[in-house]
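Per-entry structural report
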Amino acid sequence: MDGVTETWTEPSSTGAALLLLGRGTDPSAERGVECPGELPAPSDPTLVERAARAKAALGDRLFILGHHYQRDEVIQFADVTGDSFKLAREAAARPDAEFIVFCGVHFMAESADILTSDAQKVVLPDLAAGCSMADMAVLSQVETAWELLEDAGVADSTVPITYMNSSADIKGFVGRHHGVVCTSSNAKRALTWAFERGQRVLFLPDQHLGRNTAILEMGIDADDCLLYDPHKPGGGLTAQQLGQAKMLLWRGHCSVHGRFTKSSVDEIRLRVPDVNVLVHPECRFDVVTAADYVGSTEYIIKIIDAAPAGSAWAVGTELNLVRRLANAHPDKQIMFLERNVCYCSTMNRIDLPHLVWTLEELAAGRLVNQITVDADTAHHARVALDQMLALP
Ligand code: 13P
Ligand code: SF4
């Protein structure tokens, strides 16, 4: 056991840590958006009480969704927690809630807005909670890729799939072109659906989820999966390659899951011989193939819940979730797969001060940080999202 259940150190109280708490912006690092209100101090000892009071005052008018990567201080106020698929379904299933407060990231709140009625307001407690992967596919780049497919005469036989982690306008593009949205819990079903309708898939924006699912779950040959790089002329591919590929994988990735390496898997297996390695499918192909279990955040939780006491687990996903699992299962040995601390910095921007501020503003009758998607984009994105929700 020695050296195995190593603890991690919280970020110290530096300027950078304060930035993580959302008390400022760093435009050079991410799309910073100043909080438009007066945030309570993180040290305010009454924050929990204030959040509870504002939540109680809003009653049934409010529904709080919490993604599994959220901090404990936030997750304690969520009415439901889940992976992106479950949260999309939950948002769609709450027609009576006037306010959906989404404790997650921007693309999730956009999807909730698309799936809810015009009368419902979706609110993101910190507008700077984006997703670096979602930012790796921009609509104009995707339109260029589609034009290349048209020029190669293969657009009609191509089905676009976008991972949930994409902007609403990319989802709208996919809806317009008869494609589907997927999440990490239904990517195989989405690919099966797509290959019943076309000969190839343009998979946006996570190359790893696309490759892992195509090769490991669909049995597609690695040589039939080609990387499309939006920063290279022609995507870095010839017209012939575009036509021959079965999977065109957009060159995007998650900066958090990209940190896990095959050597971290090898190292943990040496240190803990009976360890089970459980990773998210946003990890690289060699990490996923070296792991014992692969799945969405919801899947990861279910596997750990069902694991026998005394079993050892190295988990390759965001740290807030791994730490919560370790705390919830003291009878199991649960470790972070990577030695270094690895939060999703944008998920982490939603903290208790932002939640308190949001709830108190709503309770005072002031709608803040509303996420809205324009009607035309929302219409087409909804087609692709509804198609996902209807996947067999
Ligand atoms: P899940 O759908 O598995 O919750 O993943 C969302 C996400 O952003 C993972 O990085
Ligand atoms: Fe985006 Fe990765 Fe954070 Fe998920 S963990 S929200 S994919 S940056």
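Note that the structure is predicted; figures quoted are calculated from it, not measured.

The rules behind these values
Residues numbered from 1 in each chain as written. Chains lettered and ligands numbered in written order. Predicted model: local features only at pLDDT ≥ 70, side-chain atom pairs only at ≥ 80, totals over all residues. Heavy atoms only, no water. UniProt positions renumbered as here; feature names shortened; annotations may be inferred. Helix = DSSP H or I, 4+ residues; strand = E, 2+ residues; numbered from the N terminus. Buried < 20%, exposed > 50% of the residue type's maximum accessible area, 1.4 Å probe, protein only. Contact = heavy atoms within 4.5 Å. Domains from an automatic or database assignment. Buried area = accessible area lost by both parts, 1.4 Å probe. Salt bridge = Lys/Arg side-chain N within 4 Å of Asp/Glu carboxyl O. Polar contact = N/O pair within 3.5 Å; in protein donor to acceptor, adjacent residues only side chain to side chain. Nonpolar A, V, L, I, M, F, W, Y, C, P; charged D, E, K, R; others polar. Phe/Tyr/Trp six-rings, centres within 6.5 Å; stacked < 30°, edge-to-face > 60°. Near = heavy atom within 4 Å. Areas by Shrake-Rupley, 256 points an atom, 1.4 Å probe, with all protein chains shown as cover. Pairing = 2+ DSSP bridges. Axes fitted to C-alpha atoms, helices over the stretch in contact; angles between N-to-C directions.

A short note on the UniProt feature "binding site: [4Fe-4S] cluster" (unreviewed entry) in the chain
The feature "binding site: [4Fe-4S] cluster" (unreviewed entry), as given by UniProt, occupies C131, C254 and C344 in the numbering adopted here. These residues run over 214 residues, yet every pair of their C-alpha atoms falls within 9.4 Å of each other. Following the sequence through the fold, C131 ends up in the loop between β4 (121–123) and α6 (139–151). Relative accessible area serves as the criterion here: at 15%, C131 is assigned to the buried category. Aside from chain neighbours lying at most four places away, what touches C131 is V105, F107, N165 and T346. Among the structural elements, C254 can be located in the loop between β9 (247–250) and α11 (262–271). Its relative accessible area of 10% is what places C254 among the buried residues. What C254 contacts, discounting residues up to four positions off in sequence, is M133 and E282.

Details of the domain arrangement of the chain
Domains assigned within the chain are domain 1 (46–130 + 348–373), domain 2 (134–253) and domain 3 (257–343). Between domain 2 and domain 3, the C-alpha centre-to-centre distance is 28 Å. Across the interface of domain 2 and domain 3, roughly 820 Å² is buried in total on both sides, 63% from carbon and sulfur atoms. Across the domain 2-domain 3 interface, the total number found is zero salt bridges. Here domain 2 is connected to domain 3 by three residue pairs in polar contact (both at pLDDT 80 or more). Here the side of domain 2 that touches domain 3 takes six residues from helix α9 (residues 207–217), the largest share from any one element. For the side of domain 2 that touches domain 3, a count of residues per class yields four nonpolar, five polar and two charged.

Regarding the packing of aromatic side chains
Taken as a whole and judged by the stated rule, the model has four aromatic pairs. Ring centres 5.6 Å apart and planes at 70 degrees place the aromatic pair F260 and F336 in the edge-to-face group. With F260 in the loop between β9 and α11 and F336 in strand β13 (residues 333–336), the pair connects residues that are 76 residues apart, well separated along the chain. Take F260 and F336: they sit in the same class, and that class is buried.

Re the site of ligand 1
For ligand 1, the full set of nearby residues is H67, Y69, D83, S84, Y163, N165, S184, H257, H280, E282, S296 and T297. Within the side chain of H67, one N or O atom sits 2.6 Å away from an oxygen atom of ligand 1. In this structure, an oxygen atom belonging to ligand 1 sits 3.1 Å away from a side-chain N or O atom of N165. Burial of ligand 1 by the protein amounts to 96% of the accessible area it has alone, namely 300 Å².

Quick look at the sheet that holds strand β2 (residues 80–82)
Reading across from one edge, β2-β1-β3-β4 is the order of the four strands in this open sheet, with parallel pairing throughout. Strands with a single pairing partner mark the edges of an open sheet, and in this sheet they are β2 and β4. Recorded for the sheet is a direction-independent mean angle of 20 degrees between the axes of neighbouring strands. In the packing of helix α15 (residues 352–363) onto the sheet, the strands contacted are β1 (62–67), β3 (99–103) and β4, and the crossing angle to β3 comes to about 175 degrees.

Describing the pairing of strand β12 (residues 312–316)
Of all five residues making up β12, five are buried, and the element is well covered by its neighbours. With four bridges connecting them, strand β10 (residues 276–279) and β12 associate as parallel partners. Looking at the pairing, N276 lines up with W313 of β12. Pairing analysis gives four bridges linking β12 to β13, with the strands arranged parallel. If you follow V315 over to β13, its bridge partner there is F336.

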